[in-house]
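Chain by chain, the residues:
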Amino acid sequence: MEPSAEKMREWVNRAMEQIVPYLQSLPDQPAAVWQGGADVARSLRESMPEVGSELEPLLKHLFQQVIPHSLNTAGPGYLAYIPGGGLFHTALADLIADAVNRYVGVWIASPGMVQLESNVVQWFCEVVGYGNDPTAGPGATSRPDTEAATSPNPGGILTSGGSIANLTALVTARRTQLGDDFSRGTLYVSDQIHHSITKAAIIAGLPTANVRVIPAGADFKMDVARLQQQIQDDRKDGWQPFLMIGSAGTVNTGAVDPLNELADLAAAESMWLHIDGAYGAFFTMTKRGRSALDGMDRADSITLDPHKSLFLPYGTGCLLVKDGAKLRQAHSVSGDYMPAYQDEVDLVDFCNSSAELSRSNRGLRCWLPIKMLGMQAFRNALDEKLDLARDAADRLRHLPDVKIVAEPELSLLAFRIERSDLNLHQLNQLNQSWIDAVNQRGHVYLTGTWLDGKFTLRICVLCFRTHQDRMDLALQDLAASAAELLATV
Ligand SMILES: *Cc1c(COP(=O)(O)O)cnc(C)c1O
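Predicted model only: the values in this text are computed from it and were never measured. (Residues numbered from 1 in each chain as written. Predicted model: local features only at pLDDT ≥ 70, side-chain atom pairs only at ≥ 80, totals over all residues. Heavy atoms only, no water.)

Attention now goes to the overall build of the protein chain. A tally of helices and strands in the protein chain yields 16 helices and 11 strands. Relative to the compact-globule value of 23 Å for 489 residues, the protein chain shows a C-alpha radius of gyration of 24 Å, a close match. For the protein chain, with 489 residues in total, the buried portion stands at 51%. A fraction of 73% describes how many contacts in the protein chain between residues 6 or more apart in sequence connect residues 24 or more apart. Accessible surface, the protein chain as shown: approximately 22100 Å² in total, 53% of it carbon and sulfur. Looking at charge distribution, the protein chain has the averaged site of its 42 positive side-chain charges lying 2 Å from that of its 57 negative ones. (Helix = DSSP H or I, 4+ residues; strand = E, 2+ residues; numbered from the N terminus. Rg over C-alpha atoms; globule rule 2.2 N^0.38 Å. Buried < 20%, exposed > 50% of the residue type's maximum accessible area, 1.4 Å probe, protein only. Contact = heavy atoms within 4.5 Å. Areas by Shrake-Rupley, 256 points an atom, 1.4 Å probe, with all protein chains shown as cover. Lys, Arg positive; Asp, Glu negative; His and termini not counted. Charge placed at Lys NZ, Arg CZ, Asp CG, Glu CD.)

What follows is the structure, encoded as structure tokens:
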């Protein structure tokens with residue numbers, strides 16, 4: 001169990017011999033290999049090994065049999081769901097973090113490592129405009145906002161992803177607003193909300209009926225007037241509206257809810273406002289993103305996903321809470337065997353801010369890439385994604401019979417073929433054939449969604465490896481496949 005110095009070096013080198021060519025060949029790999037997945041999975045069933053094996057055959061097995069048959073979520077052609085890419089810098093950070101295996105659940109166990117995570121949380125607070133750091137440089141996004149300026153110390157936690165960040169937010173809001181008796185508590189979302197919110201409500205013990213789903217407007221955004229009406233009706237019926245959740249970029253169409261209107265309403269109703277920015281929140285680092293997300297900093301809490309719009313590998317989400325003390329109060333439980341928690345505001349015991357006690361070192365996996373690249377690199381990359389999405393929309397618009405269903409507010413757009421001589425069913429089939437035909441070509445992988453019963457294609461540009469050349473291929477394939485299909489109907 002304790003390899004020699006020589007062995008450790010050899011192992012890492014051997015792994016790198018596989019990893020480097022793999023990453024270098026990403027642009028030439030198919031964007032997705034999905035047929036026959038069940039056969040591949042079943043062929044990999046194996047009995048538990050009683051004796052160990054050498055590394056080399058295991059590496060070959062991984063890189064030849066296990067990895068290739070996938071949606072290539074690391075590659076430039078992955079324009080499906082919400083991409084990310086997976087920065088190598090984080091793989092390096094994980095190697096270090098796992099090798100030194102510091103405990104980052106409580107501050108006392110590794111004050112230095114925990115501080116690095118605190119720094120990351122603080123940087124993300126600056127990114128979204130929580131608190132006004134006077135030392136922040138010209139690139140900082142904090143702004144003179146009276147609510148932010150008077151807010152108590154913001155806090156937050158790095159989670160495994162947006163789902164757990166949303167769950168942690170929901171529990172914080174529930175505990176803050178309702179205490180222990182929450183059976184009449186209601187929360188409000190639009191029908192475009194990410195399903196992790198409903199899941200979070202279930203896990204947090206709220207009956208699903210207490211999740212009020214407001215039909216979105218024609219622009220796929222929260223209909224605030226309807227929301228207000230529902231809240232009033234519920235209050236009359238003896239419910240306790242405690243939480244409204246807006247989206248800073250939905251998965252379906254990239255829609256950004258009217259964040260300022262939501263903040264006004266939340267203030268008027270004394271409700272908690274949470275913003276799910278798992279896809280979109282980091283765009284606030286760019287000028288255009290900041291304007292699209294105006295008002296986000298007025299929310300009580302915000303979910304961000306570094307494994308999406310900060311391009312990190314999967315396993316890194318984040319929840320920021322404007323009044324960090326509320327996050328801690330909502331999760332503060334201890335045991336006789338535990339060290340005393342920090343009560344200095346600037347020293348944090350992260351086990352006190354979420355469901356986790358032992359946790360992986362997510363601080364380092366954010367810290368190392370940010371320190372090595374600087375925030376500027378991320379801002380520029382996000383700006384490029386905004387350009388690419390807008391350019392794609394402009395080119396799609398000019399294809400015959402193609403309609404942009406949702407313009408890119410950030411880097412996600414939705415579109416479909418529409419023809420007045422075809423009925424809904426025929427159009428849905430045609431659009432499904434379109435996406436299949438594009439995906440078959442292998443340059444890009446797209447996913448669709450259903451909007452008001454209409455099958456709609458989506459492009460989400462978010463991988464740091466996706467550049468103009470790949471988008472040109474995407475547009476070529478979309479144009480050629482559409483022309484072929486339209487010729488047959
Ligand atoms: C991806 C996503 C989530 C869920 O986040 P995970 O990191 O996958 O758990 C929640 N909300 C939105 C808007 C998302 O895009």
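This brings us to the state of the cysteines. Considering all chains together, one arrives at zero disulfides under this definition. Sulfur of cysteine 366: no disulfide; nearest cysteine sulfur belongs to cysteine 318 and is 7.5 Å away. Using a relative accessible area of 1% as the deciding quantity, one classes cysteine 366 as buried. Here cysteine 463 is not cross-linked by a disulfide; its sulfur's nearest cysteine counterpart is in cysteine 460, at 11 Å. (Disulfide = S-S within 2.5 Å.)

Quick look at the pattern of salt bridges now. Opposite charge on two side chains allows them to pair when their charged atoms are near. The tally for this structure, following the rule as stated, stands at 26 salt bridges. In this structure, aspartate 305 and lysine 308 form a salt bridge, with 3.5 Å as the shortest nitrogen-oxygen distance. Neither aspartate 305 nor lysine 308 differs from the other in exposure class; each is buried. Between aspartate 421 and arginine 419 there is a salt bridge, and its shortest N-O distance comes to 3.0 Å. Where salt bridges share partners, they join Lys7, Glu10, Arg14, Glu56 and Lys60 into one cluster. (Salt bridge = Lys/Arg side-chain N within 4 Å of Asp/Glu carboxyl O.)

What follows is about the nonpolar core. Counting residues in hydrophobic clusters, the biggest one holds 90 residues, and the most contacted among them are Phe124, Leu187, Leu227, Met244, Met296, Ile302 and Leu320. Composition of this core by domain shows at least three residues from each of domain 2 (103–360) and domain 3 (378–486). Setting aside chain neighbours within four positions, we find methionine 296 in contact with Val128, Ala248, Leu259, Ile275, Ala281, Thr284 and Ile302. In this structure, Leu388, Leu396, Ile404 and Ala474 belong to the second largest nonpolar core, which totals 31 residues. (Core = buried A, V, L, I, M, F, W, Y, C linked by side-chain atoms within 4.5 Å. Domains from an automatic or database assignment.)

Near the ligand you find 15 residues, and of these Gly162, Ser163, Asp276, Asp305 and Lys308 are the closest. Side-chain polar atom of aspartate 276 to a nitrogen atom of the ligand: 2.6 Å apart, as the coordinates give it. Between an oxygen atom of the ligand and a side-chain N or O atom of histidine 307, the distance comes to 2.7 Å. Bound to the protein, the ligand loses 85% of the 380 Å² it would expose on its own. (Near = heavy atom within 4 Å. Polar contact = N/O pair within 3.5 Å; in protein donor to acceptor, adjacent residues only side chain to side chain.)

Attention now goes to the domain arrangement of the protein chain. Looking at the assigned domains, one finds that the protein chain contains domain 1 (1–30 + 35–69), domain 2 (103–360) and domain 3 (378–486). The C-alpha centroid of domain 3 is placed 34 Å from the C-alpha centroid of domain 1. Listed by partner, the interface residues are six residues for domain 1 and four residues for domain 3. Interface of domain 1 and domain 3: buried area, both sides summed, is about 310 Å²; carbon and sulfur atoms make up 37% of it. Put simply, domain 1 and domain 3 have zero salt bridges between them. Where domain 1 packs against domain 3, one counts one residue pair in polar contact (both at pLDDT 80 or more). (Buried area = accessible area lost by both parts, 1.4 Å probe.)

The next thing to look at is empty space enclosed by the protein. For the structure shown, the criterion picks out one cavity of 30 Å³ or more. Counted as a void, the largest cavity has a volume near 40 Å³. Together, Leu26, Pro27, Gln29, Pro30, Ala31, Asn72, Gly75, Pro76, Gly77, Tyr78 and Arg470 line the largest cavity. A per-class count over the lining of the largest cavity returns six nonpolar, four polar and one charged. (1 Å grid on protein atoms, 1.4 Å probe; cavity = no way out; pocket = protein on both sides within 12 Å on 5 of 7 lines; lining within 4 Å. Points joined across faces, edges and corners; volume = space filled by probe spheres on them. Nonpolar A, V, L, I, M, F, W, Y, C, P; charged D, E, K, R; others polar.)

Moving on: the environment of glycine 155. Structurally, the position occupied by glycine 155 is in strand E1 (residues 155–159). Between the C-alpha atoms of glycine 155 and aspartate 323, which are 168 residues apart in sequence, the distance is 6.5 Å. Those residues within four positions of glycine 155 in sequence are excluded, and the remaining contacts are Val121, Cys125, Leu319, Leu320, Val321 and Gly324.

We now examine the pairing of strand E8 (residues 402–406). Judged from the four bridges that link them, E8 and strand E9 (residues 412–417) form a sheet pairing that is antiparallel. Along E9, the bridge assignment pairs alanine 406 with alanine 414. Count of turn residues in the E8/E9 antiparallel hairpin: five residues. (Pairing = 2+ DSSP bridges.)

Relative to the assigned elements, threonine 90 resides in helix H4 (residues 88–100). From its side chain, threonine 90 meets the backbone oxygen of arginine 365 in a polar contact 2.7 Å long. Discounting chain neighbours no more than four positions away, the residues touching threonine 90 are Leu312, Pro313, Arg365 and Pro369.

This paragraph deals with the sheet that holds strand E6 (residues 301–304). Sheet architecture is open: seven strands sit in the order E1-E7-E6-E5-E4-E2-E3, paired in mixed fashion. At either end of the open sheet lies a strand with only one pairing partner, and these are E1 and strand E3 (211–214). Going from strand to strand, the sheet's axes swing by 20 degrees on average, the running direction of each strand aside. (Axes fitted to C-alpha atoms, helices over the stretch in contact; angles between N-to-C directions.)

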